[in-house]
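Read off the chains here:
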Amino acid sequence: MDKLKQFFAFSTLLVCLPGAAYAEYALNLPFGVTETSQAVYGLHMKILWVCVAIACIVFGAMIWSMVFHRKSQGAVAKQFHESLLAELLWTIVPIIILVIMAIPATKVLIDMHDASEADMSIKVTGYQWKWRYQYIDEDIDFFSSLDAASNAARQVGSNIDPATVDHYLLNVDHPLVIPVGKKVRFLLTASDVIHSWWVPEFGWKKDAIPGYINEAWAKVDTVGTYRGQCAELCGRDHGFMPIVVEVKSAEDYAAWVQAQKLEAVAAKQIVAETLDPKELKHKGKKIYRANCAVCHQAKGEGVPGIFPAITGSALVTGDLSQHISVVMNGKFGTAMAAFKDQLSDLELAAVITYQRNSLGNKVGDTAQPADIAALR
Amino acid sequence: MATVTTIHEDHHDHDPAKGVMRWITTTNHKDIGTLYLLFALLMFMLGGAMAMVIRLELFQPGLQFVDPSFFNQMTTVHALVMIFGGVMPAFVGLANWMLPIMIGGPDMALPRMNNWSFWILPFAFAMLLSTFFMDGGAPAGGWTLYPPLVLQGGNGFPFMIFAIHMMGISSVMGAINVIVTILNMRAPGMTLMKMPLFVWTWFITAYLLIAVMPVLAGAVTMLLTDRFFDTTFFNAAGGGDPVLFQHIFWFFGHPEVYILILPAFGVVSAIIPTFSRKPLFGYSSMVYATSSIAFLSFIVWAHHMFTVGLPLEGELFFMYATMLIAVPTGVKVFNWVSTMWRGSITFETPMLFAIGFVVMFTIGGFSGLMLAIAPADFQYHDTYFVVAHFHYVLVTGAVYSIMAATYYWLPKWTGNMYNETLGKWHFWLSTVSVNVLFFPQHFLGLAGMPRRIPDYAVQFAEFNMWSSLGGFAFGLSQVFFCYIVYKTIKGGEPATSQVWEGADGLEWTLSSPPPYHSFSTPPEIK
């Protein structure tokens, strides 16, 4: 009786274990939320089982001979060393298996390449280290970076437990929003180095390469939030440029688009008035921390050899319009990015004023939003 | 045996010089082989130390120890050191020691060049490693050196390029020497199809080296001029093409991975028959399979680039070609298994490592086959699944074969038997830990963890912790390996010339250790 109980308890445990394990951490590719990802999952499982079957045969034969053909068991070696039949068999059978695998793989690949008849297009641009999303027909354009909570926790020696942060390293300030059930075409490029845009639930990743516009598409069938990361090494903060996609119902999506447009109008209405230097510096500090400090360091000392110091820099303490020009347009052939699309007139004015009058610099002048607008 | 001793005495005037000058001026294939092997061991431990830093930072989520840019330097230099400083020199060392003996020749054909090709290496690596102390640190753009990222490097960048040039020169000279030796120094009667497979696989590897190292040299030179002389080969803003670099790099890079594994096939094809007491199954098909793999290696490079946006036709071609590689590779595995089948097997340490090689290299081969399926690769690409894949083929593949070769030939080289109990401990510690290290990385990759990241989302924490623990244990096991090798060099039970009961080949006709000059009179080939 006890034995029987034990047996049942054990079997129940066996049945429950894999389920419990899956709940905590994934072992396998996600099944995904697009037809593409599900087709890819199918291919993955098929080839996996083919491998497992071949492994059983090969390792089975090895184990058999290791157990039964060992010298300590008194085995005497046969001296055969050739068999045309065997050689033909294990050349031809694998070829047949490969052809059987190649057919469905080809079909999926052809389907993935067909981005025609898309309902909408979004241009995705990789920057070091954030993503920019431009909705081609909607006049919506924004940047998406690692959210503040993750950013604080991921600093060396922050002493913040990542487990306490909501979606640590997989959360952004402005998620990409797309409608459910629509074929969305992604046009991928990069402004500085190569990045790669990957949301596992969609079933693919595609490189974002400067000078190229790559094409990929997704038609998501389920409303929800899907997360991914940059997959191509792109420098110091490669591990810190996540992707979040919110898939909304048609109504919610329409409402979101409307809200974006209102926000854009509001932003443009900021009058180009002359702002107080203190206010600019205060604003500028935040922007510096979020955009500049990663290379030029929080105190402006830079990193010798790769990232020049802000403190005492000839450029920063020199002519204002030169300074504005480098911040806006970047510096060709270096890691210095062009910020004119990433930041508004006000933000640029603020961060430039901050750099000139803080971090050990005391130039005394200010950059005003109007100065920026004049150079656009 | 008597003849061999006589040969030795005949050449008293050619005995090695004394002291350190022996090693600096040596033109003897055995001395140079020893230098290569010790250098490779040093680099293996150094690259391993960098891997320990990587695994330490990845032990738990959050950044505890290193800055992300230093982490990137670690992954980049770890790979460069292991590939160009660890595995390649180790195989060249084995080739130097064994090829002349295996074909019944007196030495390598070009002994002075042999000396030079070794002595370039310490300088090349001193230069590469010196970049850690320069402004901007060591290269951090990944060992694949993709522009534009690599062009953002600090002052170390040109030093890395020059170091790669020197490594390439060293490899090409080594390869020329191998080919010239095999074609000219074989004993009468040693026809090509009588050569041991280790000689064959090295012969083919040498051609691969000569074909692709100059391609790498060209690619890195273009990087150099892009950075310093305003060319724009890889800069889209100047009409160049960043993807062009990837094509050139992988045209080198894919044959390179076979450069790292073909000699391993040769080693395993020597060891399995010895300890199965049975001739190698399908010798000629092994030769043809190796040649097919070498040929195919030139037409599959873009499978490393499935996600760059190749045209559909290109993706289909490279997918089919890559899948084809499974066929000759499968033939080799089936042949090894058939060699063991109905043999009379014993499990000395070299055999354990050879069996470990076959099993775990095959696991790496399976994940390779999965990666060949282009649509699935869109998910696997640049994730820990790939990291698991190439560490299975390179660590439990290439490195395991080097370990196997060391235990197999160390008694021959030193004249002393290694301690079998310690050897077996080394095997089991390594094998358990290496699987704890790399197997969970398959799961991490499939679950969505990209490679080359210093920090990760919390759902990846469990497996990363396992992987790190396995990594530390594997690292310690290799310190143990160094101790075993040291102990064997210092002394041990004297080895017979046959060493292994079932061993067959010319190296076992010489004394252990062999005379300083091997076959001044060619041996008779049966």
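Residues numbered from 1 in each chain as written. Chains lettered and ligands numbered in written order. Predicted model: local features only at pLDDT ≥ 70, side-chain atom pairs only at ≥ 80, totals over all residues.

### Remarks on the overall build of chain A
Looking only at helices and strands, chain A features nine helices and 10 strands. Taken against the 2.2 N^0.38 rule, which gives 21 Å for 376 residues, the C-alpha radius of gyration of chain A at 29 Å runs more than 25% over that of a compact globule. For chain A, the C-alpha atoms occupy an extent of roughly 95 × 55 × 50 Å along the three principal directions. In chain A, which comprises 376 residues, the share counted as buried stands at 36%. Sequence-distant contacts, at least 24 apart, represent 66% of the contacts inside chain A between residues at least 6 apart. (Helix = DSSP H or I, 4+ residues; strand = E, 2+ residues; numbered from the N terminus. Rg over C-alpha atoms; globule rule 2.2 N^0.38 Å. Buried ≥ 20, exposed ≤ 12 C-beta atoms within 10 Å, placed from the backbone. Contact = placed C-beta atoms within 7 Å.)

### Some remarks on the sheet that holds strand β10 (residues 242-248) of chain A
Residues and elements named next belong to chain A. Strand order in the open sheet formed by five strands is β4-β10-β9-β6-β7, with mixed pairing between adjacent strands. Unpaired on one side and paired on the other, β4 (176-179) and β7 (204-208) mark the two borders of the sheet. Each strand of the sheet is rotated relative to its neighbour by a mean of 25 degrees, with strand direction disregarded. Here strand β9 (residues 224-230) runs beside β10; their pairing, made up of six bridges, is antiparallel. Each residue of the ladder has a partner; that of Thr-225, found in β10, is Glu-246. (Pairing = 2+ DSSP bridges. Axes fitted to C-alpha atoms, helices over the stretch in contact; angles between N-to-C directions.)

### Details of the confidence of the model for chain B
Detail in the predicted coordinates should be disregarded across regions flagged by low pLDDT. Averaged over chain B, the pLDDT score is 93; the fraction of residues at 70 or greater is 97%. Every residue in residues 1-12 of chain B scores below 50 in pLDDT, and together they form 13 contacts with partners more than four places removed in sequence or on other chains. (pLDDT = per-residue confidence, 0-100.)

### Things to note about the pairing of strand β6 (residues 195-199) of chain A
Residues and elements named next belong to chain A. Burial analysis of β6 places five of its five residues in the buried class, which makes it a mostly covered element. Of the pairings in the sheet, the one linking β6 to β7 comprises five bridges and is antiparallel in character. The partner of Trp-197 across the bridge, within β7, is Lys-206. Once β6 ends, the chain turns through four residues before running back antiparallel as β7, passing Gly-203 with a positive phi of about 95 degrees. Note that β6 and β9 share two bridges and pair antiparallel. Across the sheet, the residue bridging to Trp-197 is Cys-230, located in β9.

### Quick look at the interface of chain B and chain A
At the interface, 83 residues of chain B touch 83 residues of chain A. Secondary-structure elements contributing two or more residues to the side of chain B that touches chain A are α4 (68-102), α8 (242-276), α9 (283-296), α10 (312-340), α11 (349-372), α12 (374-380), α14 (420-447) and α15 (461-490) of chain B. The biggest single contributor to the side of chain B that touches chain A is α10 of chain B, with 15 residues. Along the lines of polarity and charge, the residues of the side of chain B that touches chain A split into 48 nonpolar, 24 polar and 11 charged. (Nonpolar A, V, L, I, M, F, W, Y, C, P; charged D, E, K, R; others polar.)

### A closer look at α10 of chain B
Given 3.6 residues per turn, any residue in an α-helix points the same way as the ones three and four places further on. Its 29 residues place the ends of α10 of chain B 43 Å apart at the C-alpha level, agreeing with the 42 Å of an ideal helix rising 1.5 Å per residue. Of the residues flanking the end of α10 of chain B, it is Arg-342 of chain B, one or two places downstream, whose phi is positive at about 60 degrees. (Expected span 1.5 Å × (residues − 1).)

### Some words on the sheet that holds strand β3 (residues 140-144) of chain A
Residue and element names in this part refer to chain A. Taken in spatial order, the five strands of this open sheet run β3-β2-β1-β5-β8, and their pairing is mixed. Each having just a single partner strand, β3 and β8 (214-219) make up the two edges of the open sheet. Across the sheet, the mean angle from the axis of one strand to that of its neighbour is 25 degrees, orientation sign disregarded. With six bridges joining them, strand β5 (residues 183-190) and β8 adopt antiparallel strand pairing. Its bridge partner being in β8, Leu-188 is matched across the sheet by Asn-214.

### Things to note about the domain arrangement of chain A
All names here are of chain A. Assigned domains within chain A: domain 1 (21-113), domain 2 (120-268) and domain 3 (277-375). The interface of domain 2 with domain 3 comprises eight residues on the first partner and five residues on the second. Of the residues belonging to the side of domain 2 that touches domain 3, the class tally is three nonpolar, two polar and three charged. (Domains from an automatic or database assignment.)

### Focus on the confidence of the model for chain A
Averaged over chain A, the pLDDT score is 87; the fraction of residues at 70 or greater is 91%. Taken as a whole, residues 10-24 of chain A scores under 50 in pLDDT and shows zero contacts with residues more than four places along the chain or in a different chain.

### Re the environment of Tyr-320 of chain B
All names here are of chain B. If you trace the backbone, Tyr-320 turns up in helix α10. Given 17 C-beta atoms within 10 Å, Tyr-320 falls into the partly exposed group. Sequence separation between Tyr-320 and Val-215 is 105 residues, and the spatial gap between their C-alpha atoms is 24 Å.

### Quick word on unusual backbone geometry
The omega torsion of the bond from Gln-128 of chain A to Trp-129 of chain A falls at 0 degrees, within 30 degrees of zero and hence cis. As for its position among the elements, Trp-129 of chain A is in the loop between β1 (120-127) and β2 (130-135). Look at the link from Pro-147 of chain B to Pro-148 of chain B: it is a cis peptide, with omega at 0 degrees. Relative to the assigned elements, Pro-148 of chain B resides in the loop between α5 (111-130) and α6 (157-184). Of note, Leu-145 of chain B is a non-glycine position whose phi angle comes to about 60 degrees, a positive value. What makes Leu-145 of chain B buried here is the crowd of 24 C-beta atoms within 10 Å. Not every positive phi belongs to a glycine, and Arg-342 of chain B is a case in point at roughly 60 degrees. Looking at the element boundaries, Arg-342 of chain B is found in the loop between α10 and α11.

### A closer look at the pairing of β2 of chain A
Residues and elements named next belong to chain A. With six bridges connecting them, β1 and β2 associate as antiparallel partners. Looking at β2, one finds that Gly-126 is bridged to Trp-131. Counted between consecutive antiparallel strands, the loop separating β1 from β2 contains two residues. Sheet topology places β2 next to β3; five bridges connect them, and they run antiparallel. Bridging across to β3, Trp-131 finds its partner in Ser-144.

### Topic: the packing of helix α2 (residues 35-68) of chain A against α10 of chain B
One can describe the packing of α2 of chain A onto α10 of chain B by two numbers: an axis separation of 9 Å at closest approach and a directional angle of 20 degrees. Considering their axes alone, α2 of chain A and α10 of chain B lie roughly parallel with respect to each other. Between α2 of chain A and α10 of chain B the crossing geometry is left-handed. Mapping the contact onto sequence places Val-58, Ala-61, Met-62 and Ser-65 of chain A in α2 of chain A and Val-333, Val-337 and Met-340 of chain B in α10 of chain B. Grouping the constituent residues of the contact of α2 of chain A with α10 of chain B by class yields six nonpolar, one polar and no charged. (Parallel < 35°, antiparallel > 145°, perpendicular 65-115°, else oblique. Left-handed = near helix turned anticlockwise from the far one by under 90°.)

### A word on the packing of helix α7 (residues 197-228) of chain B against α9 of chain B
All names here are of chain B. Following both chains from N to C, one finds α7 and α9 inclined at 15 degrees, their axes separated by 10 Å at the closest point. As summarised for this structure, α7 and α9 are arranged roughly parallel, according to the angle between their axes. Relative to α9, α7 is oriented so that their crossing is right-handed. Touching Leu-197, Trp-200, Thr-201, Ile-204 and Leu-208 of α7 are Met-286, Val-287, Thr-290, Ser-291 and Ala-294, all from α9. Here the residues of the contact of α7 with α9 are counted per class, giving seven nonpolar, three polar and no charged.

### Here's the deal with the nonpolar core
Formed by 258 residues in total, the largest nonpolar core has its most connected members in Val-268 and Ala-404 of chain B. Once residues within four sequence positions are removed from consideration, Val-268 of chain B is found in contact with Trp-336, Ala-354, Phe-357, Val-358, Ser-401 and Ala-404 of chain B. (Core = buried A, V, L, I, M, F, W, Y, C linked by C-beta atoms within 7 Å.)

### Here's the deal with the environment of Val-434 of chain B
Residue and element names in this part refer to chain B. Assignment of secondary structure puts Val-434 in helix α14. The class of Val-434 is buried, set by 23 C-beta atoms lying within 10 Å. As for Val-434 and Val-150, which are separated by 284 residues in sequence, their C-alpha atoms are 31 Å apart. Dropping the residues within four chain positions of it, Val-434 is found in contact with Val-395, Thr-396, Gly-470 and Phe-474.

### Some words on the environment of Val-220 of chain A
All names here are of chain A. Position of Val-220 among the secondary structure elements: in the loop between β8 and β9. We classify Val-220 as buried; it has 24 C-beta atoms within 10 Å. Taking the C-alpha atoms as reference, Val-220 lies 8.0 Å from Glu-35; in sequence the two are 185 residues apart. Once you skip the residues sitting within four places of it in the chain, Val-220 turns out to touch Val-33, Thr-34, Ile-178, Val-180 and Val-247.

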